[in-house]
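Structural characterization, general
What follows is the residue order along each chain.
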Amino acid sequence: MRNRQQRFSTFYFLYYGASGFLLPYMATYFESRGLSGTEVGLALGLGSLISIFAQPLWSLLSDVYHLRRSALAFACLATAAFSFIFQAGQGFAWILTLSIGFYITRAPILPLGNALTFGYLERYGKREHYGPLRGWGSLGYALSSLLAGSFLGTLLPHVPAIHGGVLLALALLITRLPDTPSEVSGGWLEGLRLLPERPALVVFLLGVALVSAPVMTAVSYLAVFMEDLSAPGWLIGLTISSQAFLEIPFMQITPRLIARFRTQTLLMIGLALTPVRWLLLALIHDPVFVLPAQILHSTAIVSLLVIGASLMDEQLPPRWRATGQGLYLMVVMGLGPSLGLLAAGAIYERLGMRMVWTSFIFVALLGTLIAAIGLQRLTKSAAADALVKA
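The shown structure was predicted, so the numbers you read here are calculated from the model rather than taken from an experiment.

1. Points about the overall build of the chain
The helix and strand tally for the chain stands at 18 helices and zero strands. Taken over C-alpha atoms, the radius of gyration comes to 20 Å for the chain, in line with the 21 Å a tight globule of 390 residues would show. For the C-alpha atoms alone, the extent of the chain along its principal axes is close to 65 × 40 × 35 Å. Burial status across the chain gives 58% buried among its 390 residues. Contacts in the chain between residues at least 24 apart in sequence constitute 87% of all its contacts with a sequence separation of at least 6. By element, 69% of the accessible surface of the chain is carried by carbon and sulfur atoms, the whole surface being about 15,200 Å².

2. Quick look at the packing of aromatic side chains
The geometry of an aromatic ring pair is captured by two quantities: the separation of the ring centres and the angle between the planes. As enumerated under the stated definition, the model contains 16 aromatic pairs in all. Pairing Tyr29 with Phe30 gives two aromatic rings, centres 5.9 Å apart and planes at 50 degrees, and the pair type is tilted. In this structure, Tyr29 and Phe30 share a single accessibility class: buried. Measuring from ring centre to ring centre gives 5.5 Å for Trp278 and Phe360, while their planes differ by 70 degrees; the resulting arrangement is edge-to-face. With Trp278 in helix H14 (residues 263–283) and Phe360 in helix H18 (residues 353–389), this pair connects stretches of sequence that are 82 residues apart. Judged by relative accessible area, which is 6%, Phe360 ranks as buried. One aromatic cluster is present, formed by Phe11, Tyr12, Tyr15, Tyr16, Phe118 and Tyr130 through successive ring pairs.

3. Quick notes on helix H12 (residues 233–252)
Here H12 spans 30 Å end to end across 20 residues, near enough to the 28 Å set by a 1.5 Å rise per residue. Along H12, the largest kink reaches about 30 degrees and is centred on Ser242. Among the residues of H12, those classed as buried are Leu235, Ile236, Gly237, Thr239, Ile240, Ser241, Ser242, Gln243, Ala244, Glu247, Ile248 and Met251. Buried residues in H12 make contact with helix H7 (130–150), helix H11 (199–228), helix H13 (254–260), helix H15 (290–293) and helix H16 (295–315).

4. Looking at the nonpolar core
Among soluble globular proteins, nonpolar side chains are generally buried collectively. By size, the foremost hydrophobic cluster in this structure holds 122 residues, and its most contacted members are Phe30, Phe204, Tyr328 and Trp357. The element contributing the most residues to this core is H11, with 17 residues. Those residues within four positions of Phe204 in sequence are excluded, and the remaining contacts are Leu267, Leu311, Tyr328, Ala371, Gly374, Leu375 and Leu378.

5. Some thoughts on the packing of H11 against helix H17 (residues 321–351)
The geometry of H11 relative to H17 is characterised by a closest axis approach of 6 Å and an angle of 50 degrees between their N-to-C directions. The angle between H11 and H17 places the two elements in the oblique class. With respect to the hand of their crossing, H11 and H17 are arranged in right-handed fashion. Mapping the contact onto sequence places Phe204, Leu205, Val208, Ala209, Ser212, Ala213, Met216, Thr217, Ser220, Tyr221, Val224 and Asp228 in H11 and Tyr328, Val331, Val332, Met333, Leu335, Gly336, Pro337, Gly340, Leu341, Ala344, Gly345 and Tyr348 in H17. Residue classes in the contact of H11 with H17 are distributed as 17 nonpolar, six polar and one charged.

6. Digging into a nonpolar patch on the surface
A grouping of Leu77, Phe84, Ile85, Trp94 and Leu168 is seen on the molecular surface, where their side chains present a nonpolar patch of about 420 Å² in accessible area. Mapped onto the fold, Leu77 is located in helix H4 (residues 68–84).

7. What about the side chain of Asn114?
Its location among the elements puts Asn114 in helix H6 (residues 109–123). By relative accessible area, Asn114 is classed as buried at 0%. Looking at Asn114, its side chain comes within polar contact range of the side chain of Tyr12, at 2.7 Å. Sequence-distant contacts of Asn114, that is, excluding residues within four places in its chain, are made with Tyr12, Tyr130, Ala309, Gln325 and Leu329.

8. Quick notes on H4
Given a rise of 1.5 Å per residue, 17 residues ought to cover 24 Å, and the 25 Å separating the end C-alpha atoms of H4 matches this to within 8%. Buried within H4 we find Arg68, Ala71, Leu72, Ala73, Ala75, Cys76, Ala78, Thr79, Ala80 and Ser83.

9. A word on the environment of Thr79
Within the fold, Thr79 resides in helix H4. Looking at Thr79, the relative accessible area reads 0%, which means it is buried. Each C-alpha atom of the pair Thr79 and His163 lies 9.2 Å from the other, and the pair is 84 residues apart in sequence.

10. Thoughts on the packing of H4 against helix H5 (residues 92–106)
Packing of H4 against H5 leaves a shortest axis separation of 8 Å and a crossing angle of 160 degrees. With respect to their mutual orientation, H4 and H5 come out roughly antiparallel. Considering only the axes of H4 and H5, their crossing is left-handed. Seen from H4, the contacting residues are Ala75, Ala78, Thr79, Phe82 and Ser83; seen from H5, they are Leu98, Gly101, Phe102, Thr105 and Arg106.

Procedures and definitions
- Residues numbered from 1 in each chain as written.
- Predicted model: local features only at pLDDT ≥ 70, side-chain atom pairs only at ≥ 80, totals over all residues.
- Heavy atoms only, no water.
- Helix = DSSP H or I, 4+ residues; strand = E, 2+ residues; numbered from the N terminus.
- Rg over C-alpha atoms; globule rule 2.2 N^0.38 Å.
- Buried < 20%, exposed > 50% of the residue type's maximum accessible area, 1.4 Å probe, protein only.
- Contact = heavy atoms within 4.5 Å.
- Areas by Shrake-Rupley, 256 points an atom, 1.4 Å probe, with all protein chains shown as cover.
- Phe/Tyr/Trp six-rings, centres within 6.5 Å; stacked < 30°, edge-to-face > 60°.
- Expected span 1.5 Å × (residues − 1).
- Bend = angle between axes of the 7 residues up to and from the residue.
- Core = buried A, V, L, I, M, F, W, Y, C linked by side-chain atoms within 4.5 Å.
- Axes fitted to C-alpha atoms, helices over the stretch in contact; angles between N-to-C directions.
- Parallel < 35°, antiparallel > 145°, perpendicular 65-115°, else oblique.
- Left-handed = near helix turned anticlockwise from the far one by under 90°.
- Nonpolar A, V, L, I, M, F, W, Y, C, P; charged D, E, K, R; others polar.
- Patch = residues over 30% accessible without salt bridge, like charges linked within 9 Å, V, L, I, M, F, W, Y side chains within 5 Å.
- Salt bridge = Lys/Arg side-chain N within 4 Å of Asp/Glu carboxyl O.
- Polar contact = N/O pair within 3.5 Å; in protein donor to acceptor, adjacent residues only side chain to side chain.

Following this line, the structure appears as structure tokens:
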């Protein structure tokens, strides 16, 4: 079991390590290729928005036909291919087209990886240990983003290719991951009815989308904000990597937290802290003070991508595990960020990053309220189902 568990740890280390080289600096990379602020927002936002429709289809297909591991390896290879050819052309149309393809093929990697991980952990009765495995991803992201930020002037033209190279290694590793055991297959129609039959879950996901929009958008725009504040490259790299370093201790203690508190309570605490971060960033004028504010990014990521993913895994039958993760991450890393990126690009070009952070305060407050209503309804629904079964 230990060797297999180490493979999952390595999966998250490589996936997030690749992401750390590219995603925090993608907006900066597009700017270096001559795109305007609005064009950067479109290239990032439209690709993410279109991937929303691809992600659940990838996951549903893998569940119906039991192709989780094969689909995961293919997605890594396809995303690596798009990463390598970013530098082969010029102009907004070229970058926009590649960005859309990149986001479509990258969309299923994390939900399919999560589905394999949760299936493996559940087999041994250790589903609450997802956090420590995911913590290796934070370490990979921290190291790679620190390296890229520290040598940003030299590495910026090459970050897409570095990202692609790491994904090739990841595809090779995936062939060694244990596949999930065979489960009773669900049909296409049953899969398509998963959300319509669960309105409380839809409300919850809407709230999460609003909270995640600023959180994920900040990943792409924090480096831009710090450059506007004349921060040196080493400080940008340190600040971006620090958020991932700070995630690691939180993720290591998630098994104990989940054992002691309800996942709903832990999630709501993390979501409620996000507006505070946007308020702090809106008030900061010295780039040095962006660094301590990053601890609130860490709590948001742990809440959304660890606690939230675990909670989503509890809501659907095991045979729909990849579909559930696909739907959840479609919202957290697709719908929310795409809308956030589109809006941030337009606001930034006209009013600057400070107004972007200010608008995020109100979006996060609204999202937290809607998510709380959805969770309350889910709790009541679960209690009613328990009474019926009793």
